[in-house]
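Below, each chain spelled out in residue letters.
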Amino acid sequence: MFNLDTPTNKKISYITNFSGWFIPEENQKVRLNVSLNGKTYVTLSHGILRPDVAAAFPQQENALNSGFSGDILIPHTIKPGEIIEIEISEQNQNISLLKKEFTLVANESQQLQPRKRKFELKQLLYCPECGSKLNQIDRSCGVCNYPVYTRGNTPHILQKGDLPFLRLTETEKTHPYSPYVIELLTKIGDGLVLDFGAGNTPEGDLRPNICYLDVQQYPHTDIVCNTTKLPFPDAIFDAVISQAVFEHIPNPFLTAKELHRILKPGGIIFIDTAFMQPLHGDPSHYFNMTLHGLRLVMSDFEELRSGIRPYQYPSFGFIMQLEAVLPYITQQAWKNKLQDWREFLLKEGKNLDMALGKKGREIVAAGVFFEGIKAVK
């Protein structure tokens, strides 16, 4: 059971969003891959909420989370007017869901403009498999042949078997840097900073000395990477910031050690992550953490400060939990009640946070933070 919603006709531009819905026959993990002229090229995200599909197929238990979406960035070796064959297939079931020809049309407004940087990517990147320097960011490692994909000007260094995932048409921006991160960036000055899990950074937050890394490609992503071993040499960054990312990491202990490795002695790290938050996959969600847990994960660093910031107070977590489950509530009485609670928290959440007191806020905080330093030996 498959349907392609966009594109709506047989014309596509250099950046085109492919979206629709797919209900698998069995309750299993879905992996949708897109082939371009017979060559596997990108993957699509599956599991997006589709209440309309659930209403149309009430007997299908997987219908509510059947949506898929992702972008295709056509290489500029293909010229306007050329015919492109697009195929969407489900990898685990090894079935073809769509094979269709499209005509490429020019859209100059979609050209990805390189941003100003105070660093060169090819000076930063090393192979995560053998540790050799990647002198070319648009081809595999020259020593061990580890695959490196390039979409536009952005290198993708992925776990073997994974494909690039693009969100170039994404309009929702990542939350702006908190005042605490701004304070840290001001302190670092022109030093080299890694934004680990940067997301869709607002244009106003972009800085030429920050390297923006994520597991999926947004318009301003410098590097796409999901390997445990990070593709950087030892002691290269003056600071690392990571906001709302560590809950999405499958092995936070190993990742913390990697961030420690690539940070210069005396360098500063700032991490905030989820505690009392609902399941939210982007693309996956593994571990929420108490403050004790986050301190343990970051134990290679000397702690400067840790705790709960105002944007991590409990009311935000409660609102997130209500919003996460509302689409699944079928009893109207409960849906009405939960919507009323949400509206009340939106208005009175700050008063609740104050009423809980310091200890109460710690017990049910939405998130926690850690700021530390790599010791100078």
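Here the residue index of a chain counts from 1 through its sequence in written order. Reporting of local features is limited, given that this is a predicted model, to residues whose pLDDT is at least 70; pairs of side-chain atoms are given and counted only at 80 or more, and all residues count toward the totals for whole chains, interfaces and linings. For the side-chain quantities, the full set of heavy atoms in the structure was used; hydrogens and water were omitted.

Q: Please clarify how the packing of aromatic side chains should be interpreted in this entry.
A: Pairs of aromatic rings are described using the distance from one ring centre to the other and the angle between the two planes. Pairing of aromatic side chains requires ring centres within 6.5 Å, counting the rings of Phe and Tyr and the six-membered ring of Trp. Pairs whose planes differ by under 30 degrees are stacked, by over 60 edge-to-face, and all others tilted. Under the defined criterion, the tally for this structure stands at 9 aromatic pairs. Note on Phe 2 and Phe 68: the rings are 5.6 Å apart at their centroids and 10° apart in plane angle, and the pair reads as stacked. In this pair, Phe 2 sits in strand β1 (residues 2-6) while Phe 68 sits in strand β6 (residues 67-73), placing the two residues 66 residues apart along the sequence. Charge-over-ring contacts are defined here by two conditions on Lys NZ or Arg CZ: a distance within 6 Å of the ring centre and an angle within 35 degrees of the ring normal. Lying across the ring of Tyr 41, Arg 151 places its NZ or CZ 3.9 Å from the centre. The lysine or arginine in question, Arg 309, covers the ring of Phe 369, its NZ or CZ lying 4.0 Å from the ring centre. In this description a helix means any DSSP run of H or I spanning at least four residues, a strand means any run of E spanning at least two, and both kinds are numbered starting from the N terminus.

Q: Would you explain the sheet that holds strand β13 (residues 223-225) in this entry?
A: What links the strands of a sheet is backbone hydrogen bonding, and the strands pair in either a parallel or an antiparallel sense. Reading across from one edge, β9-β10-β13-β12-β11-β14-β15-β17-β16 is the order of the 9 strands in this open sheet, with mixed pairing throughout. In this open sheet, the two strands that pair with only one neighbour each are β9 (149-151) and β16 (302-307). Each adjacent strand pair in this sheet contributes to an overall mean axis angle of 20°, direction not counted. Criterion used throughout: strands pair if DSSP finds at least two bridges between them. In terms of strand pairing, strand β14 (residues 237-243) meets strand β15 (residues 263-274) through 6 bridges, oriented parallel. Within the sheet, the bridge partner assigned to Phe 237 lies in β15 and is Leu 263. Here, residues are in contact when the closest pair of their heavy atoms is within 4.5 Å. All axes here are fitted lines through C-alpha atoms, helices being fitted over the stretch that makes contact, and every angle between N-to-C directions spans 0 to 180 degrees. Each of β11 (193-196), β12 (210-214), β14, β15 and β16 is contacted by helix α3 (residues 179-188), which is oriented at about 170° to β14, the strand it contacts most. Against the sheet, helix α4 (residues 252-262) touches β11, β14 and β15, its axis set at about 150° to β15.

Q: In this structure, what is going on with α3? I would like to understand it.
A: Think of an α-helix as 3.6 residues a turn; residues three or four steps apart then line up on the same face. The classification of residues rests on relative accessible area computed with a 1.4 Å probe and restricted to protein chains. Under 20% of the type maximum is buried, over 50% is exposed, and intermediate values are partly exposed. Residues of α3 that are buried: Val 181, Leu 184, Leu 185 and Ile 188. Projected onto a plane normal to the axis of α3, the buried residues spread over an arc of 100° and lie on a single side. Residues of α3 that are exposed and point over 90 degrees away from its buried face: Pro 179, Thr 186 and Lys 187. Looking at the buried positions of α3, the neighbouring elements they touch are β11, β12, β14 and β15. Throughout, the arc means the angular range of directions from the helix axis out to the C-beta atoms.

Q: What should I look at first to understand the sheet that holds strand β8 (residues 95-104) in this one?
A: Pairing is mixed in the open sheet, where 8 strands are placed in the order β1-β3-β6-β5-β4-β7-β8-β2. Each having just a single partner strand, β1 and β2 (11-12) make up the two edges of the open sheet. Bridging between strand β4 (residues 32-36) and strand β7 (residues 83-90) involves 5 bridges; their strand directions are antiparallel. Directly across from Asn 33, in β7, lies its bridge partner Ser 89.

Q: Explanation requested: unusual backbone geometry in the structure shown.
A: Most peptide bonds take the trans configuration, and most residues that are not glycine carry a negative phi. In this structure, the amide linkage connecting Thr 6 to the following residue, Pro 7, adopts the cis form with an omega of 0°. Backbone geometry places Asn 37, a non-glycine residue, at a positive phi of 50°. Within the secondary structure layout, Asn 37 lies in the loop between β4 and β5 (39-48). Using a relative accessible area of 44% as the deciding quantity, one classes Asn 37 as partly exposed.

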